[in-house]
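Observations on the three-dimensional arrangement
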Amino acid sequence: MRHGYPSDDELRQNFDEVLSHVMQGRGVHTATGLDDDTQTALWAIAEAHPNITPELIDAARRAFAGQLDGSNAARWREDMDNWFEEREQRKAAREQQQGSADQG
């Protein structure tokens, strides 16, 4: 059983292995340490098999690079922050609307 996060070298090895598998039409196995963006790009390759385009492979490599440099995680955090902010704004608008209706 693995404890902690895989190293960048382990992630690279996992990515290369999974990329090889999906290019053969196999799926993405679990517990690779690869993030959602990278796995989604790899699944797109598996689903396109045998008609895999260079663009799909490039997209998977870009997604993996984003995992390694932290940009995927940063975008995810920003998306979540925006989602929570919008949720709070909707809640405040409902409360304001309900307060106006109670006064009317």
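Refer to the preceding data block for the structure.
Heads up: these notes are all about the structure in this document. These figures come from a predicted structure and were not determined experimentally.

Considering the overall build of the chain
The helix and strand tally for the chain stands at four helices and zero strands. In sequence order, the chain lays out its α and β elements as α-α-α-α. Summarising its shape, the C-alpha atoms of the chain cover approximately 65 × 35 × 25 Å along the three principal directions. Per-residue burial for the chain yields a buried fraction of 24% across its 104 residues. When contacts within the chain are restricted to residue pairs at least 6 apart in sequence, long-range pairs at least 24 apart make up 47% of them. Accessible surface, the chain as shown: approximately 7,600 Å² in total, 48% of it carbon and sulfur.

A few points about the packing of aromatic side chains
Tallied over the full model, the rule gives two aromatic pairs. Residues phenylalanine 15 and phenylalanine 64 carry aromatic rings whose centres are separated by 4.5 Å and whose planes lie at 5° to one another, so their mutual orientation is stacked. Here phenylalanine 15 is found in helix H1 (residues 8-23), whereas its partner phenylalanine 64 is found in helix H3 (residues 54-69), with 49 residues between them in sequence. Just as phenylalanine 15 is buried, phenylalanine 64 falls in that class too. An angle of 80° between the planes, with centres 4.8 Å apart, marks the rings of tryptophan 83 and phenylalanine 84 as edge-to-face. In this structure tryptophan 83 comes out as partly exposed when scored by relative accessible area, which is 42%.

Topic: the environment of glutamate 17
Position of glutamate 17 among the secondary structure elements: in helix H1. Judged by relative accessible area, glutamate 17 falls into the partly exposed class, the value being 36%. Along the sequence, glutamate 17 and valine 28 sit eleven residues apart, while their C-alpha atoms lie 9.8 Å from each other.

Focus on the nonpolar core
Phe15, Val22, Leu34, Leu42 and Ile45 are the most contacted members of the largest nonpolar core, which totals 15 residues. Here this core gets five residues from one element, more than from any other, and that element is H1.

Considering the side chain of aspartate 35
Note on placement: aspartate 35 falls in the loop between H1 and helix H2 (36-48). This buried residue, aspartate 35, is left without a salt bridge; arginine 75 holds the nearest opposite charge, at 6.7 Å. A polar atom in the side chain of aspartate 35 sits 2.9 Å from the side chain of asparagine 72. If near-sequence neighbours (up to four positions away) are discounted, aspartate 35 is found in contact with Gln67 and Asn72.

Parameters at a glance
- Residues numbered from 1 in each chain as written.
- Predicted model: local features only at pLDDT ≥ 70, side-chain atom pairs only at ≥ 80, totals over all residues.
- Heavy atoms only, no water.
- Helix = DSSP H or I, 4+ residues; strand = E, 2+ residues; numbered from the N terminus.
- Buried < 20%, exposed > 50% of the residue type's maximum accessible area, 1.4 Å probe, protein only.
- Contact = heavy atoms within 4.5 Å.
- Areas by Shrake-Rupley, 256 points an atom, 1.4 Å probe, with all protein chains shown as cover.
- Phe/Tyr/Trp six-rings, centres within 6.5 Å; stacked < 30°, edge-to-face > 60°.
- Core = buried A, V, L, I, M, F, W, Y, C linked by side-chain atoms within 4.5 Å.
- Lys, Arg positive; Asp, Glu negative; His and termini not counted.
- Salt bridge = Lys/Arg side-chain N within 4 Å of Asp/Glu carboxyl O.
- Polar contact = N/O pair within 3.5 Å; in protein donor to acceptor, adjacent residues only side chain to side chain.

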